[in-house]
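Spelled out, the chains give:
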Amino acid sequence: MIYRQNNLVVKILFENLRKSPITGVYRPQAYIDGSTKYCTVCKFDVFKKEIKQGDKIVFETILEAPKGFGHRLKEGALLTIREGLDVVGKAIVLDIIGYQKEIAKEKPSQLS
């Protein structure tokens, strides 16, 4: 069985409002401004440099299953980044790069 998932790659300007720095793989929820009923998980890969409180950085991130954002997700859209109820960052969408499909490999069939 093949597992497929659509991931949208976007370039954002991110401002860290979290008290502790962000490093490694970080997966908070992203809410688009004006749509509090729908959120998606965004994946940040921050390996080279940690993002400290108050830092602003431009990088590419992956939005997992952003279909509920609809026409609201466009260049210049404001995203609120949260961990549960805490707002940990704000982001502006600078560029929508496109969908990336992750395909897991099939398990080889066993011949008898």
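Summarised in this report is the structure supplied together with it. (Residues numbered from 1 in each chain as written. Predicted model: local features only at pLDDT ≥ 70, side-chain atom pairs only at ≥ 80, totals over all residues. Heavy atoms only, no water.)

Section: the pattern of salt bridges
- Overall, the coordinates contain two salt bridges when judged by the stated rule.
- Across the pair R18 and E83 runs a salt bridge whose closest N-O atoms are separated by 3.3 Å. Here E83 lies in strand β6 (residues 78-83) and R18 lies in the loop between β1 (4-16) and β2 (22-26), a separation of 65 residues in the sequence.
- Accessibility expressed as a relative area gives 22% for R18, which makes it partly exposed.
- Looking at E83, the relative accessible area reads 30%, which means it is partly exposed.
- Of the charged contacts, one joins R27 and E64 as a salt bridge, the two residues approaching to 2.9 Å between their closest N and O atoms. Taken together, the residues R27 in the loop between β2 and β3 (29-32) and E64 in strand β5 (residues 56-64) connect sequence positions 37 residues apart.
- The exposure class of E64 is buried, given its relative accessible area of 16%. (Salt bridge = Lys/Arg side-chain N within 4 Å of Asp/Glu carboxyl O. Helix = DSSP H or I, 4+ residues; strand = E, 2+ residues; numbered from the N terminus. Buried < 20%, exposed > 50% of the residue type's maximum accessible area, 1.4 Å probe, protein only.)

Things to note about the side chain of T61
- Considering the arrangement of structural elements, one finds T61 in strand β5.
- Given the relative accessible area of 2%, T61 is considered buried.
- Polar side-chain contacts of T61 include one of 2.8 Å to the backbone oxygen of K43.
- With residues up to four places along the chain from it excluded, the contact list for T61 reads L8, V9, V10, I12, C42, K43 and F44. (Polar contact = N/O pair within 3.5 Å; in protein donor to acceptor, adjacent residues only side chain to side chain. Contact = heavy atoms within 4.5 Å.)

Description of the environment of V41
- For V41, the location among the structural elements is in strand β4 (residues 39-51).
- Taking relative accessible area as the criterion, V41 reaches 28% and is therefore assigned partly exposed.
- Separated by 13 residues in the primary sequence, V41 and P28 have C-alpha atoms spaced 5.9 Å apart.
- Those residues in contact with V41, other than ones at most four positions away along the chain, are R27, P28, I62, L63 and E64.

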